[in-house]
Structures are given as structure tokens and as C-alpha cells.
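Tertiary structure, described
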Number of protein chains: 2
Amino acid sequence: MKIWRVGEIAQLTGLTVRTLHHYDEIGLLHPAHTSEKGHRLYVEDDLQRLHHIILLKQLGFSLEEVKRLMTDPAFNPLHLLEHQLARINEHIQMQLDLRDRLNDIYSLMHRGQPVDPSRFMEVVQMINISRSKHFSREMAKNIQRNYTSMNSEQIREKNEEFRRLISGFRSEMEKGTPEHDPVVLDLARRWKSCLQDAAGDYDQLSRSAESYYRDHSDQALPFGMDGELYQFIRKAVLKI
Amino acid sequence: MKIWRVGEIAQLTGLTVRTLHHYDEIGLLHPAHTSEKGHRLYVEDDLQRLHHIILLKQLGFSLEEVKRLMTDPAFNPLHLLEHQLARINEHIQMQLDLRDRLNDIYSLMHRGQPVDPSRFMEVVQMINISRSKHFSREMAKNIQRNYTSMNSEQIREKNEEFRRLISGFRSEMEKGTPEHDPVVLDLARRWKSCLQDAAGDYDQLSRSAESYYRDHSDQALPFGMDGELYQFIRKAVLKI
DNA sequence: CTTACTTCCTAACGTGACGTGAGGTTCAAG
DNA sequence: CTTGAACCTCACGTCACGTTAGGAAGTAAG
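Reading the values: the criteria
Residues numbered from 1 in each chain as written. Chains lettered and ligands numbered in written order. Predicted model: local features only at pLDDT ≥ 70, side-chain atom pairs only at ≥ 80, totals over all residues. Heavy atoms only, no water. Pairing = 2+ DSSP bridges. Helix = DSSP H or I, 4+ residues; strand = E, 2+ residues; numbered from the N terminus. Least-squares fit on C-alpha atoms with pLDDT ≥ 70 in both. UniProt positions renumbered as here; feature names shortened; annotations may be inferred. Near = heavy atom within 4 Å. Polar contact = N/O pair within 3.5 Å; in protein donor to acceptor, adjacent residues only side chain to side chain. Nonpolar A, V, L, I, M, F, W, Y, C, P; charged D, E, K, R; others polar.

In the nomenclature of an unreviewed UniProt entry, chain A corresponds to DNA-binding transcriptional MerR regulator from the organism Paenibacillus rhizosphaerae.

Given below as C-alpha cells:
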């Protein structure tokens, strides 16, 4: 009957001694024997059990789940498998989506102007909005293409115009100016052409934007936009 | 100049108050002002910064990385992006592989005999070995097909035979019996036919197995197999 | 002004799966 | 008998917060 000490088990399995201590602590694997001086002594069965633990861990189960799987005979592995598959599929979807976004950002940054922090945040913001579920693939591509075609001076100018328009709308809205007022209509015309420049198709963009703002109506949005203000702008644009 | 309290910020951003406390603690976002009684008071700029933090977090960066990205102007976002892409790609690969294995296990269990724990571990073990890099896709499919075609009685029998053979080889090896001894040659013949049953093509299987045992030569393997014993068996089989 | 309710504060522990010491004991070899 | 390796038990650190606990401040109504 061969007996192993903790360091040998560690070598055989590729785990660390600390890990084996941990498994002992949480009751996942108590060695069969303990020497009178407290040294852990493992036997064949322990090693086998440990291999099973390692396999299950590699499948992504938590130590708690591994424990239940191995000790509770009534525990249903099939159910756990389904659960795990669902978890992992969802996870994979998120990771793939994330990768796409990172890739977009990377390629926009890479062939763009020198890396300055504020521009980086702009790109990140743009990608995150255009990649949200409210915008179609085509629209996202459009926006990105237009963005890349501009140099930093043009982008700065565009952002300024955007900011001006929004604060213009906001002050009129707070003054109570009606949407059909010439001042507001002028803002609306500039607004529409500004967005048309940026995204190509205003109507489609506005549908996407509306859905976006509906989803985020209670949140503060970039440039000081919010749901209420967007409604004001929308009505004004319809009056043109 | 609008000022927000911590609860309002939480609502606007969808974070919790505790999270904002945390960001304050670690110096990621100190609110612009603090009331004389210690209440946190945020201004527009803080909100903007917070939005940036949220975006970067969604891209999978740690709070530490976010902090560096936002405060250290010399910090290179491109480099970090590359790093992050590499990380995520690796991660995705692992997850996809894991999903495949889980799916294999699931379908084997699902259409198999009633779920008993020891059989579950067998399946897991089998899938994990056959899916390791040493085995070809085709070989893995072979092994799995053969496995599903057996009922639990046959599987038990097979495992027993396997165990008997291995312990037979081991005792001969430890006695110092040479590989060309008739007793060993008989074991070798049974060994070969046993594996041929299980995997179809013995030569291909043995190449895979050899590569597998080379990789795990210093580890204890299922059924009490190890690298040294495998070499003994291999030589014996060649003598047939 | 009191009461009651909400929001805010700090402080401290918990999560998961260990890593990383500190400080001391035991084992195996020379 | 002495060394050095391996072992032991605490116990704190990781990461991004969640979750009480206990109390102070702010706000609205009576």
C-alpha cells in the first residue's frame, strides 16, 4: 500500500501544496491518514479522487459544485451540465461581442491620428454607442467610416457644433420656446444636416437614436443629452 | 452649476452607492466636493469621468487599468488594447474548447444509460483524454462511438480487463521479467486486442498514446498507469 | 418643534480559489 | 549531530464590490 506525502501529490498532479491544504480545509479532499505529527498522508484512492476533482474543475465547475457532485449521490450531473452549458454559451457570446468592439476600436485607433487620450475616449464612446443593439450593422459601419475619414481638426469641429446645438436646444427648451419657433427650426435644420453628415441616412439614424434614448431615458447621456431634450429636438425636426 | 448626491449618481448610472464609495476609496473617482458633514457632492465633470470609467470597464479592463488609462497621460492605450485582445482571444479559445467537451459529455450521458455517478466520471475522463491535443478528431470520434455502443455491463467488463492487464504488466515489470517472456507476450496480445476493440486503429492509437504519456510521464495516470510502465508495455507489444 | 422617513456616512466582514509569507516542527541524509 | 528540505499552522492579500451594523444628516408632514 503506497503512501504519498503532500509534496509528492503536488508534483504528481501539478497542483501546489497550498492548493492541497485548501482542499483539505474546505473538506473537498481529506487525506486518508494523518501522521501523529500532523503530516498529510495520501493513498491511492485519494489520488484517484483528486484526479476526478481536477477533471471537474477543468470543466469549469466551482469547488462547491465539484464537492456536491462527488459526495452527494442524489445530485444530478445532467442538470448541472445543462446549467454549465447555458452559462458558458452566454459567456462566449459576451466575449465575442466584446472582442468585436475591441477590434473596431483598435483598427480605428491604429490607422488614425496619433494616440491622444481624449481621442481614445471618443472612439471608445462612439464604438460603444454604434455597436449597441439599437443600431444596425450597416449604420454602425457608416458611422465608423465617416469617423475615420475625418482628421482630428474636423472631428473637433464636429464635436463643437454638436455641443453648441445641444446646449442651444436646451436653453430654448428651458425658456419654453415652442418647437415651431424660427430659432428652434434653424437649430433643427443644422442638427439634421450635422447628423446626416455623420451617419448618412437621417431617418434610419433617428429611429435608432429614438430607441436608444427610450432605453436610456432616465440616464445622463454624453454631451448633456437626455430623454426629455431628445423629444424636444425630435418634434422640432419634424416641423422643418 | 448642478450638483448631484451619491444616490442620484447611482440612479443616473445604474451603479450602486457602494460602488461609488469604492471608486472613491481607491482613488478612481473622488467627487469634486465634500459637504462639511462628509457627504459626497458630484459635478458635471465627475459624471463625465464616471461614464468613461463605465465604458472602459465594459471593455474588460480592471479598475487599476482604467485608473492608469485615465490619469497617466503617457500611458499608451494601443498597447493595452493589444494586450486585452490577446487575453480575450485566448480566453475565447479556451471557452470554445470547453464547450465542445461539455457538449460531448452531455450527449454521451443524455442518450446513455441512467445517470450514475461513477459512469459520469468515466465519461468525463474519457472525453478529456480523447479530446486532448494528442488525439486526432477522427480518433476521438472513434473512441466515443465505440463507447456509446456498449451498455454498462460491457463497459464494466472492459474496464476490468484493462485494470487486470495493467496490474499484470506492472507485477511482471517489477519482477524483472523481460519483454519477450511468453507471459508478457500473452498480456501484450490481449492488450492490443483490447485497445483495438476500443479505438479501431491500434497503430494510430499507440502513437497518440505515446505522445500523451510523454507529456504526462511524471504524473500518475488513470488505472495506475505511468510513463515507465507504458514503455514496458510498448516494447512488449513490438515483440508480438 | 417634533416625528418619521429617507439618504447619507464610516467601518468591517464576506465572496472564490488560492498565493505568499512568518515562524516553527519534523524528516532524511551525511 | 547537524544541516537542509519538506512539512505544519496561522493569517493576511487578491478583486470588485455586496452586505450588514450603527449612527448622523437631510427632508417633509403634522
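Text resumes after the structure shown.
1. What about the sheet that holds strand β3 (residues 40-42) of chain A?
Residues and elements named next belong to chain A. Ordered by their spatial adjacency, three strands build an open sheet running β1-β3-β2, and the pairing between neighbours is antiparallel. Of all strands in the sheet, those bounded by a partner on one side alone are β1 (4-5) and β2 (33-34). Pairing between β1 and β3: two bridges, direction antiparallel. Its bridge partner being in β3, Trp4 is matched across the sheet by Tyr42.

2. Brief notes about the relation of the copies chain B and chain A
By a simple turn and slide, chain B fits onto chain A: the slide is 0.1 Å along the axis, the RMSD is 0.2 Å, and the turn is 180°. Given the turn and translation reported, the copies of this chain are related as if by a two-fold rotation axis. Among all C-alpha atoms of chain B, that of Ile92(B) lies closest to the rotation axis, at 3.2 Å.

3. Here we look at the environment of Gln11(A)
By the element assignment, Gln11(A) lies in helix α1 (residues 6-13). Residues Gln11(A) and Ser62(A) lie 51 residues apart in sequence; the distance between their C-alpha atoms is 23 Å.

4. Considerations on the UniProt feature "domain: HTH merR-type" (unreviewed entry) in chain A
Using the residue numbers shown here, the UniProt feature "domain: HTH merR-type" (unreviewed entry) corresponds to residues 1-72 of chain A. Along residues 1-72 of chain A, the helical share is 57% and the strand share 10%, with 28 Å between the first and last C-alpha atoms.

5. A few points about the protein's contact with DNA strand C
In the neighbourhood of DNA strand C, 19 residues make up the surrounding shell, with Thr16(A), Tyr23(A), Gly7(B), His21(B) and Arg40(B) lying closest. By atom count, sugar and phosphate contribute 76% of the portion of DNA strand C lying within 4 Å of the protein. Here a phosphate oxygen of DNA strand C and a side-chain polar atom of Lys37(A) are 3.1 Å apart. In this structure, Lys57(A) approaches DNA strand C through a side-chain N or O atom, which is 3.1 Å from a phosphate oxygen. Looking at the surface near DNA strand C, the elements with two or more residues in it are α2 (17-25) of chain A together with α1 (6-13) and α2 (17-25) of chain B. Per-element accounting of the surface near DNA strand C gives the leading share, four residues, to α2(A). Across the surface near DNA strand C, the residue classes break down as three nonpolar, nine polar and seven charged.

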